[in-house]
Amino acid sequence: MRNIAAQNLRTDKVFLDALNGIAHERPPFWFMRQAGRYLPEYRELRAQKGGFLEMAFDPACACEITMQPLRRFGMDAAILFSDILTVPMALGQSLEFAAGEGPKLGALNVGALNYAEFSKLDPVYEAIRNIKTALKVEGFNNTALIGFAGAPWTVATYMVEGGSSKDFLKTKLMMYQRPEEFAALMDMLVEATATYLINQINAGAEAVQIFDSWAGALDAQGFKRWCVQPTRKIVEMVRAAHPHVPIIGFPKGAGYNYLSYAQGTGVSALGLDQHVPVDWAARALQSLCPVQGNLDPAILMAGGDALVLAVEQILSALSGGPFVFNLGHGIHKDTPVEHVEQLVKLIKGEF
Ligand code: 1CP
C-alpha cells in the first residue's frame, strides 16, 4: 500500500491517520455538504445574509457555517464552506446564485480569463484561518480541516454551459470542435486550481479534496485525457509545495475507471460514489490507497432499516483497511437531522 510507510506517523487526528494508510476500528467520518440547507441554523443564517456567495465570501460567516455541523455531530473533519465555482469567478467570469436556481455564469471568453483579480479568493483563506482558530477555541482538537477545489473538467463544464447541465453537450462539442481552445481552458484551470489549493494549505487546510463531480460523463479516452491527466498535474504541483498533505480525489461516476484514476493521478485517497460496489472497492482500490465513501444520500434521507443495513454493509466491507466513512455524494437538503444523528451513532457502533 502506497502510504503504509506512514504507519508510524499516527497523529491525534484519526481522519488524517486514515488518509495516511492507518486503519481504525471505528472509521473517521465526515459528510459531503455537511454544512448546508438540511440544517435549520444554516437556513436561518442564509435568510439573514441573503445569498450563498455573500456567505461564502464573508470569512466570519463561512467559519460559522463550517462549525455548525461539528457542534451537532462531531465529525472528524470540517470542510471549508465555499464552492468550486469561486475559481472561474476569480479568473474573471461572472457568477451568481439565484435563490433555488443554482449557479449562473456569464459568457465564457477563454482568451480573456486572467489572474488580475485572483485576490478575490483572499476571503477564503481568511475563512480557513478563522476556522482553525474556532476549532481550537471550541475544543475540536482532533478535528482536521479539509480545503477543496473542483477538478478542471467539472469546473470547465460550468464555465462552458453557463451553469448546471444534464448532458454536458456544449462542453463536449467544444472539446471536439475547438480542441485548442478547450485545452487552453483546461491548462488554465490546472494552474489556477493548484495555486488555489496550495494557498488553502498555506492558510491552514490539513487535507484537500478535488471534486470531479461530472467525471462520469466522460468516455474512456476523455477520462484519461481530461480527468486523470489534469488531476495528476495538480497533485504534482500541490505535492511539490506540500509533500505531506493528503489529497483526496473524488471522480464521481468513474465506475471501473476508479482504478486507472487511482493509478494515474497519484492521489492519496479515493472518494467513492455510491455506485462503486464496496466489495470490489475493498479488493481493487483499498489495496492501492485509502478510500472514503459511499452511502447513497437517498438512503440517509430515507432513514430506518434501509439506513442500518446500508451502513453495516459499507462498514463490514471497508473497515478492515484505511477508510473514511462518507456519503457517495452531498447530503440532500430535505434530509431529516435525526437521520444524520442516527448515522453517526451507527458509524460509532452506539446502536
Ligand atoms: O444555500 C444554498 O442554496 C447554496 C447551496 C450550496 C452550498 C451549501 C452551493 C451552491 N454550494 C454549497 C457549498 C459547497 N459546494 C461545499 C461546502 C462544503 C460542504 O459542506 O461540503 C462544497 C464542497 C461544494 C462543492 C460543489 N459545488 C460541487 C462539488 C460537489 C458536488 O456536490 O458534486 C459542485 C458540483 C458545486 C456547484 C454548485 N454549488 C451550488 C450549487 C447549487 C451547485 C450546482 C450543483 C449542480 O450542478 O447540480
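Residues numbered from 1 in each chain as written. Predicted model: local features only at pLDDT ≥ 70, side-chain atom pairs only at ≥ 80, totals over all residues. Heavy atoms only, no water.

Visitor: Is there a simple way to explain the pairing of strand β8 (residues 291-295) in this structure?
Guide: Within a regular beta strand, the side chains point alternately toward one face of the sheet and then the other, so they alternate between its two faces. Most of β8 is tucked away, with five of its five residues classed as buried. Summarising the sheet, strand β7 (residues 269-271) and β8 pair through two bridges and their orientation is parallel. From the neighbouring strand, L270 faces β8, where its bridge partner is V291. (Buried < 20%, exposed > 50% of the residue type's maximum accessible area, 1.4 Å probe, protein only. Helix = DSSP H or I, 4+ residues; strand = E, 2+ residues; numbered from the N terminus. Pairing = 2+ DSSP bridges.)

Visitor: Can you walk me through the nonpolar core in this structure?
Guide: In globular proteins that are soluble, nonpolar side chains generally tend to be buried together. If you look at the biggest cluster of nonpolar residues, it comprises 134 residues, and the most contacted ones within it are F15, F31, L270, L285, L295, F325 and L343. The element best represented in this core is helix α9 (residues 179-203), accounting for 14 residues. Apart from the residues within four sequence positions on either side, F31 is in contact with M75, F325, N326, L327, I331, V340, L343, V344 and I347. (Core = buried A, V, L, I, M, F, W, Y, C linked by side-chain atoms within 4.5 Å. Contact = heavy atoms within 4.5 Å.)

Visitor: What should I look at first to understand the pattern of salt bridges in this one?
Guide: Note on pairing: side chains with opposite charge can pair once their charged atoms come close. For the coordinates displayed, the defined rule picks out twelve salt bridges. A salt bridge links R71 to E138; the nearest nitrogen and oxygen atoms lie 2.9 Å apart. Note that R71 is positioned in helix α4 (residues 59-73) and E138 in the loop between α6 (122-137) and β4 (144-150), a separation of 67 residues in sequence. The exposure class of E138 is partly exposed, given its relative accessible area of 36%. Through salt bridges with shared partners, one network takes in K13, K132 and E206. (Salt bridge = Lys/Arg side-chain N within 4 Å of Asp/Glu carboxyl O.)

Visitor: Which parts of the structure should I look at to understand the packing of aromatic side chains?
Guide: Working definition: an aromatic ring pair is given by the centre-to-centre distance plus the angle between the planes. Overall, the coordinates contain 15 aromatic pairs when judged by the stated rule. When the ring of F182 is compared with that of W226, the centres are 4.8 Å apart and the planes differ by 85 degrees; the resulting orientation is edge-to-face. Of the two residues, F182 is situated in helix α9 and W226 in helix α10 (residues 220-241); the sequence distance between them amounts to 44 residues. Note on F182: relative accessible area 0%, which makes it buried. The structure contains a cluster of three or more aromatic residues connected by ring pairs, namely W153, F168, F182, W214 and W226. (Phe/Tyr/Trp six-rings, centres within 6.5 Å; stacked < 30°, edge-to-face > 60°.)

Visitor: Can you help me understand the sheet that holds strand β1 (residues 77-79) in this one?
Guide: Sheet strands associate in pairs through backbone hydrogen bonding, adopting either a parallel or an antiparallel arrangement. The strand order across the open sheet built from seven strands is β1-β4-β5-β6-β7-β8-β9, with neighbouring strands paired in parallel fashion. Either end of the sheet is taken by a strand with one partner, and the two such strands are β1 and β9 (323-327). Averaged over neighbouring strand pairs, the angle between their axes works out to 25 degrees when direction is ignored. Relative to β4, β1 runs parallel, the two being bridged by three bridges. (Axes fitted to C-alpha atoms, helices over the stretch in contact; angles between N-to-C directions.)

Visitor: Teacher, can you tell me more about the layout of surface pockets here?
Guide: In this approach the atoms are scanned with a rolling probe the size of a water molecule, which exposes any empty space left behind. Of the volumes computed, that of the largest pocket is approximately 1400 Å³. What lines the largest pocket is a set of 38 residues, among which R33, R37, D83, F97 and I331 lie closest to the centre. Residue assignment for the lining of the largest pocket shows that the elements contributing at least two residues are α2 (40-49), β2 (95-98), β3 (102-105), α7 (152-161) and α13 (297-302). With three residues, the top contributor of residues to the lining of the largest pocket is α13. For the lining of the largest pocket, the class distribution of residues is 21 nonpolar, eleven polar and six charged. (1 Å grid on protein atoms, 1.4 Å probe; cavity = no way out; pocket = protein on both sides within 12 Å on 5 of 7 lines; lining within 4 Å. Points joined across faces, edges and corners; volume = space filled by probe spheres on them. Nonpolar A, V, L, I, M, F, W, Y, C, P; charged D, E, K, R; others polar.)

Visitor: Just checking my understanding: could you explain the side chain of R46 for this structure?
Guide: Assignment of secondary structure puts R46 in helix α2. No salt bridge is formed by the buried R46, whose closest oppositely charged neighbour, E54, lies at an N-O distance of 6.7 Å. The residues touching R46, leaving out its near neighbours within four places in the chain, are G51, F52, M55 and A99. (Lys, Arg positive; Asp, Glu negative; His and termini not counted.)

Visitor: I tried to follow the site of the ligand on my own but got confused; where do I start?
Guide: The environment of the ligand is made up of 23 residues, and the closest members are Y42, R46, Y158, S164 and S213. Between A35 and the ligand, the recorded distance is 3.2 Å, taken from a backbone N or O atom to an oxygen atom. Y158 has a polar side-chain atom sitting 2.5 Å from an oxygen atom of the ligand. Within the complex, 88% of the 890 Å² of free accessible area of the ligand lies under protein. Here the ligand is seated within the largest pocket. The residue makeup of the shell around the ligand, split by class, is 13 nonpolar, six polar and four charged. (Near = heavy atom within 4 Å. Polar contact = N/O pair within 3.5 Å; in protein donor to acceptor, adjacent residues only side chain to side chain. Areas by Shrake-Rupley, 256 points an atom, 1.4 Å probe, with all protein chains shown as cover. Sits in = over half its atoms within 2 Å of the grid points.)

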